[in-house]
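Structural overview for review
As a plain string of letters, each chain reads:
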Amino acid sequence: MDDSRFQLVTDWKLTAPLDAVWKAISCVEDWPAWWPSVRAVAPLVQGDDEGLGAVHRFTWTTALPYSLTLDMTVTRIDPHVRIEGRATGDLEGLGIWTFRHEGGVTLARYDWRVDVTEPWMRHLAPLLEPVFKWNHGVVMRRGYRGLCGYLAAPS
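Description of the structure in this document. All values derive from a computational prediction rather than experimental measurement.

Comments concerning the overall build of the chain
Within the chain, the secondary structure is distributed over three helices and seven strands. Secondary structure elements of the chain, listed N to C terminal, follow the sequence β-α-α-β-β-β-β-β-β-α. Over its C-alpha trace the chain gives a radius of gyration of 15 Å, about what one expects of a compact globule, namely 15 Å for 155 residues. Across the 155 residues that make up the chain, the buried fraction comes to 45%.

Thoughts on the layout of surface pockets
Looking at the largest pocket, its volume works out to about 860 Å³. Every residue lining the largest pocket is counted, 46 residues in all, and those nearest its centre are Trp-31, Phe-58, Trp-60, Met-72 and Tyr-110. In terms of residue count, helix H3 (residues 119-152) provides more of the lining of the largest pocket than any other element does, seven residues in total. Considered class by class, the residues forming the lining of the largest pocket number 32 nonpolar, ten polar and four charged.

Considerations on the nonpolar core
Counting 42 residues, the largest nonpolar core has Trp-12, Ile-25, Trp-31, Trp-35, Trp-60, Trp-97 and Phe-99 as its most contacted members. With residues near it in sequence (within four places) discarded, Ile-25 still touches Trp-12, Trp-31, Trp-97, Phe-99, Ala-108 and Leu-147.

A closer look at the pairing of strand S5 (residues 82-89)
On any regular strand, side chains alternate: one points to one face of the sheet, the next to the other face. Taken together, the eight bridges between strand S4 (residues 67-78) and S5 define a ladder with antiparallel strand orientation. If you follow Thr-73 over to S5, its bridge partner there is Arg-86. Adjacent in sequence and paired antiparallel, S4 and S5 are bridged by three residues, among which His-80 carries a positive phi angle near 65°. The loop that links S5 with its antiparallel partner strand S6 (residues 91-102) comprises one residue.

A short note on the sheet that holds strand S1 (residues 5-14)
With antiparallel pairing, the seven strands of this open sheet are ordered in space as S1-S7-S6-S5-S4-S3-S2. Whereas interior strands pair on both sides, the edge strands pair on one side only; in this sheet they are S1 and strand S2 (38-45). The sheet shows a mean angle of 20° between the axes of neighbouring strands, taken without regard to direction. Examined bridge by bridge, S5 and S6 share six bridges and lie antiparallel to one another. Across the sheet, residue Ala-87 finds its bridge partner in S6, namely Gly-93. Along the sheet face, helix H1 (residues 18-26) touches S1, S4, S5, S6 and strand S7 (105-116) and points at about 165° away from the line of S6. Contacting S1, strand S3 (55-61), S4, S6 and S7, H3 runs over the sheet at an angle of about 15° to S1.

The rules behind each value
Throughout this description, residue numbers start from 1 for each chain and increase along the sequence as written. Thresholds applied to this predicted model are a pLDDT of at least 70 for local features of residues and 80 or more for the giving and counting of side-chain atom pairs; totals over whole chains, interfaces and linings are not thresholded and use all residues. The basis for every side-chain value is the complete set of non-hydrogen atoms in the structure, without hydrogens or water. Where helices and strands are cited, they refer to DSSP runs of H or I of at least four residues and of E of at least two residues respectively, numbered from the N terminus. We compute the radius of gyration from the C-alpha atoms alone; for a globule the expected value is 2.2 Å times N to the 0.38, where N is the number of residues. Burial classification: accessible surface area is computed with a 1.4 Å probe over protein chains only, and a residue below 20% of its type maximum counts as buried, one above 50% as exposed, and the rest as partly exposed. Points on a 1 Å grid, built from protein atoms alone, make a cavity when a 1.4 Å probe fits but cannot get out and make a pocket when they are open with protein on both sides within 12 Å along at least 5 of 7 lines; residues with an atom within 4 Å of a point are the lining residues. Grid points are joined across faces, edges and corners, and a volume is the space filled by probe spheres set on the points. For this scheme, ten residues count as nonpolar: Ala, Val, Leu, Ile, Met, Phe, Trp, Tyr, Cys and Pro. Four count as charged, namely Asp, Glu, Lys and Arg, and the remainder, Gly too, count as polar. Nonpolar core, defined: a set of buried Ala, Val, Leu, Ile, Met, Phe, Trp, Tyr and Cys residues in which side-chain atoms within 4.5 Å join the residues together. A contact between two residues is defined here by any heavy atoms of the two lying within 4.5 Å. For two strands to be treated as a pair, DSSP must find at least two bridges joining them. The convention used is that axes are lines fitted to C-alpha atoms, helices contributing only their stretch in contact, and that angles between N-to-C directions extend from 0 to 180 degrees.

In structure tokens form, the structure reads like this:
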């Protein structure tokens, strides 16, 4: 594996209906309302009726003293099952959300196969891998807590 490539997996267990979790995660323009690390989401290209082909520019803050901007193109949608997107920008790679509901719990999994593109990140990636993984974990925990609160709020 390339020293600047990371494979990160996050599992969220949510006590909410699959439909509510799907809606919250698939409506990316609403993420800044509940995900503290998402500074902004700007639509660039409108996709089809399900969102396939849509492109959004995400600006992320991190636990470290830098932010990231990337464009995410939706490359696959299987409603209530899977969303895939291709990222370009400060990070490049593939992000895959998968969903299932069992025993009253909705399981949302995010697989992030990503390469860092900034020269300083590429140069330091072998040394800073644990820090980059920790940073990703912080960003995802913020999202989990935010989503739990968002889903619990009365509509």
